[in-house]
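The primary structure of each chain is shown beneath.
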Amino acid sequence: MLRYLFRRLVKALKWFVIGSIALVLLLRFIPPPGTALMVERKIESWIDNDPIDLQRTWTPWDEISDNLKVAVIASEDQKFPEHWGFDFDAIQAALAYNERGGKIRGASTLSQQVSKNLFLWSGRSYLRKGLEAWFTALIEVLWPKQRILEVYLNSAEWDEGVFGAEAAARHHFGVSAANLSRQQASLLAAVLPNPRVWSAARPSTYVLQRAGWIRRQMSQLGGAAYLNRLDESRRAPWAE
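The shown structure was predicted, so the numbers you read here are calculated from the model rather than taken from an experiment.

**Student:** I'm lost on the confidence of the model for the chain in this one. Help?
**Tutor:** Low pLDDT marks regions whose predicted coordinates should not be analysed in detail. Of all residues in the chain, 91% attain a pLDDT of 70 or more, and the chain-wide mean is 91. Taken element by element, the chain is modelled with least confidence in helix 4 (residues 88-99), mean pLDDT 66, and with most confidence in helix 9 (residues 182-190), mean pLDDT 98.

Printed below as a string of structure tokens:
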């Protein structure tokens, strides 16, 4: 019986690996029709008996403002062009901080956020973190950096039921994603850690201060020219 169960487990694992690789490879070329987070939000609204209409319009890379691309990198993951999905320095800092009884934000890279939002559920279980690491590795190997950021910008949550750059730009500022100004982009990036509480259209003092910091970081990174680094080859993870 144990051998039978073991064989079944190995077979299921094999098909999971094959299926997940095929899915990630497919999504390199076609827009994801939705995300696991969108499904989760819809189910939550049904449970709470407060239905919501999900807003999302897939927008290609060239139709998203460079201001928003750079603002999100400046805010969430400034090592995005160099790493292979994991910022080990940030992870070590988070672990050290947590050991002292605190909680630090920012250990998750944009790639990790894409894998979580696209494929997984919310939570902090070891199973979910393991699956997040697996999908992050697949995304980094099978997608170019530009595709990762494109999917992130089309999947991020920017208010209750508002997903993606186009819906966020129109919801908060009444413009298209292509026409977001530097200030508007920085405000959208500023609310990403808590988009259902903070508002880009009606920013608190903290959000305004954070948006100002993001704009300064955007300038230090070199503005839109920084996006050229996404095309540069990265060093192998095992290279010194």
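**Student:** Sorry if this is basic, but what is going on with the nonpolar core here?
**Tutor:** Nonpolar side chains tend toward joint burial in soluble globular proteins. Grouped together as the largest cluster of nonpolar side chains are 51 residues, with contacts concentrated most on Leu-68, Trp-143, Leu-149 and Trp-158. Mapped by element, the contributors of at least two residues to this core are helix 1 (2-27), helix 3 (66-76), helix 5 (110-119), helix 6 (126-142), helix 7 (145-155), helix 8 (165-173), helix 9 and helix 10 (205-221). Per-element accounting of this core gives the leading share, six residues, to helix 3. Among residues more than four places away in sequence, those in contact with Trp-158 are Leu-68, Leu-153, Gly-164, Ala-165, Ala-168, His-172, Leu-188, Ala-189, Val-191, Leu-192 and Pro-195.

**Student:** How do you make sense of helix 10 when you look at a structure like this?
**Tutor:** Think of an α-helix as turning once every 3.6 residues; residues three or four places apart then point the same way. An ideal rise of 1.5 Å per residue puts 24 Å on 17 residues; helix 10 measures up with 24 Å between its terminal C-alpha atoms. All of the buried residues along helix 10 are Val-207, Arg-210, Ala-211, Gly-212, Ile-214, Gln-217 and Met-218. Lining the buried residues of helix 10 we find helix 3 and helix 9. One or two residues past the end of helix 10 sits Gly-222, with phi positive at roughly 105 degrees.

**Student:** It is not clear to me how the packing of helix 1 against helix 6 should be interpreted in this structure. Could you clarify?
**Tutor:** Axis angle and axis distance: for two packed helices, these are the angle between their axes and the distance between the axes, and together they describe the pair. Following both chains from N to C, one finds helix 1 and helix 6 inclined at 45 degrees, their axes separated by 10 Å at the closest point. When the interaxial angle is binned, helix 1 and helix 6 end up oblique. Of the two elements, helix 1 crosses helix 6, and the hand of that crossing is right-handed. Where helix 1 approaches helix 6, its residues Phe-16, Val-17, Ser-20, Ile-21, Val-24 and Leu-25 are matched on the opposing element by Leu-131, Trp-134, Phe-135, Leu-138, Ile-139 and Leu-142.

**Student:** What is the right way to look at the pattern of salt bridges in this model?
**Tutor:** When charged atoms on two side chains of opposite charge get close, those side chains can pair. Overall, the coordinates contain 13 salt bridges when judged by the stated rule. Between Glu-157 and Arg-41 there is a salt bridge, with the nearest N and O atoms lying 2.8 Å from each other. Here Glu-157 is found in strand 1 (residues 157-159), whereas its partner Arg-41 is found in helix 2 (residues 36-47), with 116 residues between them in sequence. Both residues of the pair, Glu-157 and Arg-41, belong to the buried class. Its salt-bridge partner being Arg-128, residue Glu-132 comes within 2.9 Å of it at the nearest N-O pair. With Glu-132 and Arg-128 both in helix 6, this residue pair falls four residues apart, about one helical turn. We classify Arg-128 as buried; its relative accessible area is 4%.

Rules behind the numbers
- Numbers given for residues are sequential positions, taken from 1 along each chain in its written order.
- Confidence filtering applies because this is a predicted model: local features only for residues at pLDDT of at least 70, side-chain atom pairs given and counted only at 80 or more, and all residues used for totals across whole chains, interfaces and linings.
- Just so you know, side-chain values use all the structure's heavy atoms and leave hydrogens and water out.
- Across the chain, each position has a pLDDT score giving the predictor's confidence in that residue, from 0 to 100.
- In this text, helices come from DSSP runs of H or I with a minimum length of four residues, and strands from runs of E with a minimum of two, each type numbered from the N-terminal end.
- Take the buried Ala, Val, Leu, Ile, Met, Phe, Trp, Tyr and Cys residues and link them wherever side-chain atoms come within 4.5 Å; each set so joined is a nonpolar core.
- A simple rule labels every residue: compare its accessible area, found with a 1.4 Å probe on the protein chains alone, to the largest value its type can have, and call it buried under 20%, exposed over 50%, or partly exposed in between.
- Residue contacts are counted whenever heavy atoms from the two residues lie within 4.5 Å of one another.
- Multiplying one less than the number of residues by 1.5 Å gives the expected span of a helix.
- Axis geometry follows a simple rule: fit a line to the C-alpha atoms, using only the stretch in contact for helices, then measure angles between N-to-C directions, giving values from 0 to 180 degrees.
- Note that the term roughly parallel is reserved for angles under 35 degrees, roughly antiparallel for angles over 145, roughly perpendicular for angles of 65 to 115, and oblique for everything else.
- Take the far helix as your reference; a near helix turned counterclockwise from it by less than a right angle gives a left-handed crossing, and one turned clockwise gives a right-handed crossing.
- By definition here, a salt bridge exists when the distance from a side-chain nitrogen of Lys or Arg to a carboxyl oxygen of Asp or Glu is within 4 Å.

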